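Overview (structure and organization)
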Amino acid sequence: MKNYGRFLDGKDAFPRMLAEKKAALPVDFPWYPYNTMENVVHLPGVVGEEHDFLFAGDLAIADIGAADGDLAFYLESLGNRADIFDYGPTNMNGLRGARAMKEALGSAVNINEIDIDKQFKLDRNYDLIFFLGILYHLKNPFFICEELSQHSRYMFVSTRVIRHFVAGGPDISDSTSAYLVHESESNNDATNFWMFTQKGLKLMLERAGWRVVKMITLGDTVASNPQDANHDERAFALLESKHFA
């Protein structure tokens with residue numbers, strides 16, 4: 001895929017450039033410590049030639065849950081119009097990292113601070129949304145996915161999925177189920193809320209206004225459960241909005 005190949009060509013060099021800029025900036029806050037662009041290497045599993053145009057540039061793109069905005073700034077460098085959506089109180093540095101990097105790059109990326117777990121409304125439409133690694137941290141996943149389906153033609157989503165409610169328990173993969181995570185479960189991370197089975201995730205997305213073009217899962221595809229980090233399974237999907245089809 002020509003366009004996606006171009007996208008991948010710079011996915012390592014661009015974070016290195018950002019890291020150099022971050023190291024040189026005199027800031028009084030911690031930068032987000034993880035490479036938020038790593039998830040894009042899994043997208044070939046859900047993108048075929050017919051959707052290679054999503055990486056051609058000149059698209060209106062939103063990055064939701066953007067951390068320091070690395071992906072959004074990269075997408076802008078490829079000729080796209082990119083917006084960041086995140087929430088200061090739950091962002092590692094209160095979005096100061098994204099704002100500092102926007103200034104350092106002379107970027108036109110818009111930084112929108114909203115709590116998408118509340119009754120938010122987007123004020124424009126997008127060609128594509130990146131919604132990676134965020135869904136299981138949200139209290140209201142159905143509402144959020146429904147709202148996004150009304151404002152974007154396509155969306156990439158990734159989230160944690162499970163095959164067992166508890167380690168060693170019955171296999172519930174064939175059910176359209178969701179599990180509400182206790183705050184002491186899943187690495188004692190109180191920001192984890194809903195984990196779906198793959199079938200449950202697919203049904204939720206479809207009922208929220210999306211057509212699942214393709215979905216894959218990676219990681220432990222046998223014993224995944226909410227409690228054990230060693231049995232982590234992630235779903236990656238390309239979605240097309242039913243509202244724009």
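The following refers to the structure shown. (Residues numbered from 1 in each chain as written. Predicted model: local features only at pLDDT ≥ 70, side-chain atom pairs only at ≥ 80, totals over all residues. Heavy atoms only, no water.)

Structural notes on the packing of aromatic side chains
To describe a pair of aromatic rings, one takes the distance between the centres and the angle between the planes. Put simply, the rule reads: Stacked, tilted and edge-to-face are the three classes assigned to paired rings of Phe, Tyr and Trp, where Trp is represented by its six-membered ring and a pair needs centres within 6.5 Å; plane angles under 30 degrees give stacked, over 60 edge-to-face, the rest tilted. Here a strand is any run of E in DSSP of at least two residues, a helix any run of H or I of at least four, and the numbering for each starts at the N terminus. Think of it in three bands: with a 1.4 Å probe and only protein chains considered, a residue is buried below 20% of the maximum accessible area for its type, exposed above 50%, and partly exposed in between.
All chains considered together, the criterion is met by 13 aromatic pairs. The interplanar angle of 85 degrees and the centroid separation of 5.7 Å between the aromatic rings of F120 and F143 together place this pair among those described as edge-to-face. Taken together, the residues span a long stretch of sequence, with F120 in the loop between β3 (110–113) and β4 (126–132) and F143 in helix α5 (residues 141–149) at a distance of 23 residues. We note that F120, like F143, is buried. Relative to F156, the ring of F130 has its centre 5.4 Å away and its plane inclined at 40 degrees; by these criteria the two rings are tilted.

Side note on the side chain of S224
What counts here: In what follows, residue pairs with any heavy atoms lying within 4.5 Å of each other are defined as contacts.
Along the chain, S224 turns up in the loop between β8 (210–219) and β9 (233–241). Since its relative accessible area comes to 0%, S224 is described here as buried. Not counting chain neighbours up to four residues away, the residues in contact with S224 comprise V161, I162, R163, H164, H231 and E233.

Observations concerning the environment of L105
Residue placement: L105 occurs in helix α4 (residues 96–105). A sequence separation of 87 residues divides L105 from L18, and the C-alpha atoms of the two residues are 9.1 Å apart. If we skip the residues at most four places from it in the chain, L105 touches M17, L18, K21 and F73.

Focus on a nonpolar patch on the surface
Short version of the rule: Put simply, a patch holds well-exposed residues, over 30% relative accessible area, that have no salt bridge, with like charges counted together within 9 Å and Val, Leu, Ile, Met, Phe, Trp or Tyr side chains within 5 Å. The Shrake-Rupley method, run with a 1.4 Å probe sphere, supplies the accessible areas, and residue values consider only the shown protein chains as cover. Criterion for a salt bridge: a side-chain nitrogen of Lys or Arg within 4 Å of a carboxyl oxygen of Asp or Glu.
There is a patch of nonpolar side chains on the surface, built from Y32, Y34 and M92 and spanning about 340 Å² of accessible area. Following the sequence through the fold, Y32 ends up in the loop between α2 (13–24) and β1 (60–64).

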